[in-house]
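The primary structure of each chain is shown beneath.
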Amino acid sequence: MFYVVFVKHDTARAREMMVSFLITKQILRHVMSFVVKPLTAFGTRLVKKVLGKSKKKEEGADEAGEAAAAEYWGNESTVEKLRNELKADAWVSADQYLELIVQYGYMTMFATLYPMAPAMILLNNIFEYYLDVNSLLHCQRPIYVEREGLGAWRACLIFISSFAALVNCGILWIELENDTNLQHQATELWKFTGGELFMELDFEHSNAGRVALAVIIEHFIIIARFVINAIDDTPSWVQEQA
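Not measured: the values here are computed from a predicted model.

## Re the packing of helix H5 (residues 93-109) against helix H6 (residues 117-136)
Step number 1: It is the contact of H5 with H6, at a shortest axis distance of 10 Å, that shows an interaxial angle of 165°. As summarised for this structure, H5 and H6 are arranged roughly antiparallel, according to the angle between their axes. With respect to the hand of their crossing, H5 and H6 are arranged in right-handed fashion. Contact residues: Gln96, Glu99, Leu100, Gln103 and Met107 in H5; Ala117, Pro118, Ile121, Asn124, Asn125, Glu128 and Asp132 in H6.
Step number 2: Of the residues in the contact of H5 with H6, the class split is 5 nonpolar, 4 polar and 3 charged.

This is the structure we're talking about:
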């Protein structure tokens, strides 16, 4: 994406890549997790059952263990559920976090290219919520570990948010080079906001004017981020209980 945008200056191709990531790849991934993986697991269990790989000693030990567990739990169906859960795959939360971080990176850094990206990702995550709930029913229950926050993931989100301001302003500069309609709109907006009173910029004929506009917007976003981060958003009742 960065090569296509900032080296090739081909924003149309980059926009197609964004659509491909948000629609095609996400649909294929959902099909893999919702259809292919359950079918593969079912086929594996069926093959093991047909071939009868378990040995007699192991069967005897399993029966003895199940009898003891049934006596302890008092419910054979519960024992069977626990046994199936032990055979299931482990739930890897790091993969879920990484997927969300990648989505957030695409959404924020290339929002100028495809403004519909946040809405597409929202719909995707609503659908994926139900897929994850279904996946949790067919895997080992995650081990609860208490944490104070997101840890290293929070640092990734902060970096992406700051870097996204630079990327989007760079994309704006490239778009201003190629789109005459956008140049005219930028000129009208500059006049409307009173920017010409402080600095006269030519967005249609001067590359320096387009770069200056991108830098001004980038500085404004960075300053706004510092101001927002300086505001304490912790409620007073939470601070009193801490």
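Next comes the rest of the write-up.
## Quick look at the side chain of Glu218
Step number 1: Inspection of the secondary structure puts Glu218 in helix H9 (residues 207-230).
Step number 2: Of the side chains with opposite charge, Arg225 comes closest to the buried, unpaired Glu218, at an N-O distance of 9.7 Å.
Step number 3: For Glu218, the side chain forms a polar contact with the side chain of His219, separated by 2.8 Å.
Step number 4: Among all residues touching Glu218, those that are not within four sequence positions of it are Leu166 and Cys169.

Cut-offs and rules
- Residues numbered from 1 in each chain as written.
- Predicted model: local features only at pLDDT ≥ 70, side-chain atom pairs only at ≥ 80, totals over all residues.
- Heavy atoms only, no water.
- Axes fitted to C-alpha atoms, helices over the stretch in contact; angles between N-to-C directions.
- Helix = DSSP H or I, 4+ residues; strand = E, 2+ residues; numbered from the N terminus.
- Parallel < 35°, antiparallel > 145°, perpendicular 65-115°, else oblique.
- Left-handed = near helix turned anticlockwise from the far one by under 90°.
- Contact = heavy atoms within 4.5 Å.
- Nonpolar A, V, L, I, M, F, W, Y, C, P; charged D, E, K, R; others polar.
- Buried < 20%, exposed > 50% of the residue type's maximum accessible area, 1.4 Å probe, protein only.
- Lys, Arg positive; Asp, Glu negative; His and termini not counted.
- Salt bridge = Lys/Arg side-chain N within 4 Å of Asp/Glu carboxyl O.
- Polar contact = N/O pair within 3.5 Å; in protein donor to acceptor, adjacent residues only side chain to side chain.

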